[in-house]
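# Descriptive structure summary
One-letter residues, chain by chain:
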Amino acid sequence: MNPTDNLSRNTEAVADSLSAMIMREFTSYSCYDGYLNPSDPTMITADDRKQLVDWCYGLVDHCKFSRETVASAMEMVDRFFSIPSNSTDAARVCDEALRDPSQFQLLTIAALYSSIKVHEQVALSSELFSEICSRIYTAEEIEAMELTLLSGLSWRCHAPTAHQVGLSILSLLLPYVDIPEVTWGFLMDEIKYLTELAVQDYYFSTQRASTTALAAILNVISDSSTKERREVLGAYLGVITECFDFEGSEQITAARRRLHSLTRPDTGGDEMMDDERSLDESVMTLKASNSSSHGKRKEEEYLEDLSHDHGHVGSPSLSLIDLSCDEQDSVHFC
């Protein structure tokens with residue numbers, strides 16, 4: 001099986017799907033300013049959240065589920081905290097979970113339990129989830145928290161993920177970029193890895209999935225491609241970003257820097273190579289020039305534009321640990 005077999009060759013359908021995913025970012029699954037306050041010592045922290053994501057990754061890896069299931073679960077958790085509560089019960093749980101590590105943990109477990117039911121072919125029972133968590137939480141508590149979570153989200157649990165958006169963008173590039181299968185496989189693996197890292201980082205919970213996806217693609221191209229290939233891919237990406245309602249260059253560059261800091265913590269994300277800057281410029285300049293001269297065009301026009309323009313890192317190592325609640329000032333995970 002070739003790596004590109006995982007990409008769609010029906011570009012019209014992909015364009016419609018990408019347009020719908022981006023539209024949902026502005027409506028049902030819009031971004032918010034965030035919910036954590038680092039200056040409040042009584043609140044959970046971004047590190048607490050990251051530990052829970054690591055635990056979730058360990059669980060789905062053990063069960064041979066997709067890590068996309070964790071991305072969906074954490075999107076539900078982040079959105080639950082970020083949106084105005086639609087009931088007194090949701091408001092109470094939200095307030096408690098932001099200050100009680102045990103409740104925050106229970107909410108995340110309930111979100112993963114629900115996400116597995118929605119996205120995987122095999123579901124885990126609440127009783128089994130309780131067993132996995134050393135019965136710190138009963139099956140009834142997990143089910144009750146799931147109900148509170150879903151009702152608080154108005155039962156919206158199908159948000160697009162950054163990896164899904166990324167694959168759609170690559171599918172649009174596929175017919176027009178002549179690179180070997182092994183290179184496609186490398187690009188796809190790297191993008192998958194970067195979007196998985198983004199789920200761990202609280203910063204990206206405040207960003208659109210499409211922003212994270214585009215930042216990941218640009219970083220991978222910048223790090224792994226020749227100058228000639230960067231220019232070609234940058235030109236095609238410029239056409240795609242012009243045809244769809246992506247964020248502007250400032251937001252994309254900030255997301256790129258953040259991803260860069262996750263993979264190269266010694267640089268802090270402050271250093272960007274000249275070729276990285278030029279790739280940003282080639283994408284965003286084309287987007288700006290096209291937009292200023294023609295305005296925002298319909299997504300279906302991207303095919304004509306593309307036809308006229310130009311002739312593995314491993315996953316993070318995780319393991320499950322025993323869940324306990326011996327300490328009151330920290331979060332513990334199974």
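What you see is a predicted model, and the numbers here were worked out from it, not measured in a lab.

## Re the overall build of the protein
- Of regular secondary structure, the protein possesses 14 helices and zero strands.
- Secondary structure elements of the protein, listed N to C terminal, follow the sequence α-α-α-α-α-α-α-α-α-α-α-α-α-α.
- Residue burial in the protein is summarised as follows: out of 334 residues, 51% are buried.
- Put simply, the protein shows about 15,300 Å² of open surface, and 49% of that area lies on carbon and sulfur atoms.

## Description of the pattern of salt bridges
- What the rule picks out here adds up to 16 salt bridges.
- One salt bridge in this structure joins Arg-208 and Glu-25, with 3.0 Å as the shortest N-O distance. Residue Arg-208 is found in the loop between α9 (181-200) and α10 (209-224), and its partner Glu-25 is found in helix α1 (residues 11-26); the two are separated by 183 residues along the sequence.
- The class of Arg-208 is buried, set by a relative accessible area of 7%.
- A salt bridge links Lys-117 to Glu-146; the shortest N-O distance between them is 2.9 Å.

## Points about unusual backbone geometry
- Of note in this structure, Ser-134 is not a glycine but carries a positive phi near 55°.
- For Ser-154, which is not glycine, the phi torsion reads 55° and is therefore positive.

## So, the confidence of the model for the protein
- Summarising the model, the protein shows a mean pLDDT of 82, and 79% of its residues fall at 70 or more.
- Segment residues 288-334 is flagged for pLDDT under 50; beyond a separation of four residues in sequence, or across chains, it makes 91 contacts in the model.

## A word on the nonpolar core
- Core analysis: the largest hydrophobic core is formed by 47 residues, its most contacted members being Val-70, Phe-80, Phe-81, Leu-98, Leu-112 and Phe-129.
- Where this core is concerned, the elements lending two or more residues are α2 (46-62), α3 (68-82), α4 (88-97), α5 (101-119) and α7 (139-152).
- Other than its neighbours up to four places away in sequence, Val-70 contacts Val-53, Cys-56, Tyr-57, Val-60 and Leu-112.
- Leu-7, Val-165, Trp-184 and Leu-187 belong to the second largest nonpolar core, which has 43 residues in total.

## A few points about empty space enclosed by the protein
- Taken as a whole, the largest cavity holds about 500 Å³ of empty space.
- Within the residue set of the lining of the largest cavity, elements represented by two or more residues are α2, α3, α8 (162-173), α9 and α10.
- Looking at which element gives the most residues to the lining of the largest cavity, the answer is α3, with eight residues.
- Of the pockets and cavities examined, the second largest cavity occupies roughly 30 Å³.
- Around the second largest cavity, the lining residues are Leu-170, Leu-173, Trp-184, Leu-187, Ile-217, Ile-221 and Leu-233.
- Sorting the residues of the lining of the second largest cavity by element identifies α8, α9 and α10 as the ones contributing at least two each.

## Considering the packing of aromatic side chains
- Under the counting rule described, the total for this entry stands at seven aromatic pairs.
- For the pair Tyr-35 and Tyr-202, a centre-to-centre distance of 5.3 Å together with 85° between the ring planes defines the contact as edge-to-face. With Tyr-35 in the loop between α1 and α2 and Tyr-202 in the loop between α9 and α10, this pair connects stretches of sequence that are 167 residues apart.
- Residue Tyr-35 is classed as buried on the basis of its relative accessible area of 8%.

## Let's talk about the side chain of Glu-146
- Mapping Glu-146 onto the fold places it in helix α7.
- By relative accessible area, Glu-146 is classed as buried at 9%.

## With respect to the environment of Asn-10
- Topologically, Asn-10 is positioned in the segment before α1.
- Residue classification places Asn-10 among the partly exposed residues on the basis of a relative accessible area of 43%.

## What to know about the packing of α9 against α10
- Where α9 meets α10, the axes come as close as 9 Å, and the angle between the chain directions of the two elements is 130°. With respect to each other, α9 and α10 are oriented oblique. Relative to α10, the crossing made by α9 is right-handed. Along its contact with α9, which presents Phe-186, Leu-187, Glu-190, Ile-191, Leu-194, Thr-195 and Ala-198, the element α10 presents Thr-212, Ala-216, Ile-217, Asn-219, Val-220 and Ser-224.
- Residues of the contact of α9 with α10, tallied by class, amount to eight nonpolar, four polar and one charged.

## Digging into α4
- Taken residue by residue, α4 has Ala-90, Val-93, Cys-94 and Ala-97 as its buried positions. Seen end-on, α4 carries its buried residues on one side only, within an arc spanning 100°.
- Buried positions along α4 lie against α3, α5 and α7.

## Some words on the packing of α1 against α8
- The N-to-C vectors of α1 and α8 enclose an angle of 145°; their axes lie 9 Å apart at closest approach. Of the two possible hands of crossing, α1 and α8 adopt the one that is left-handed. Taken together, the residues of α8 that come into contact with α1 (itself represented by Thr-11, Val-14, Ala-15, Leu-18 and Met-21) are Gln-164, Val-165, Ser-168, Ile-169, Ser-171 and Leu-172.
- When its residues are assigned to classes, the contact of α1 with α8 shows seven nonpolar, four polar and no charged.

Reading the values: rules and limits
- Residues numbered from 1 in each chain as written.
- Predicted model: local features only at pLDDT ≥ 70, side-chain atom pairs only at ≥ 80, totals over all residues.
- Heavy atoms only, no water.
- Helix = DSSP H or I, 4+ residues; strand = E, 2+ residues; numbered from the N terminus.
- Buried < 20%, exposed > 50% of the residue type's maximum accessible area, 1.4 Å probe, protein only.
- Areas by Shrake-Rupley, 256 points an atom, 1.4 Å probe, with all protein chains shown as cover.
- Salt bridge = Lys/Arg side-chain N within 4 Å of Asp/Glu carboxyl O.
- pLDDT = per-residue confidence, 0-100.
- Contact = heavy atoms within 4.5 Å.
- Core = buried A, V, L, I, M, F, W, Y, C linked by side-chain atoms within 4.5 Å.
- 1 Å grid on protein atoms, 1.4 Å probe; cavity = no way out; pocket = protein on both sides within 12 Å on 5 of 7 lines; lining within 4 Å.
- Points joined across faces, edges and corners; volume = space filled by probe spheres on them.
- Phe/Tyr/Trp six-rings, centres within 6.5 Å; stacked < 30°, edge-to-face > 60°.
- Axes fitted to C-alpha atoms, helices over the stretch in contact; angles between N-to-C directions.
- Parallel < 35°, antiparallel > 145°, perpendicular 65-115°, else oblique.
- Left-handed = near helix turned anticlockwise from the far one by under 90°.
- Nonpolar A, V, L, I, M, F, W, Y, C, P; charged D, E, K, R; others polar.
- Arc of directions from axis to C-beta.

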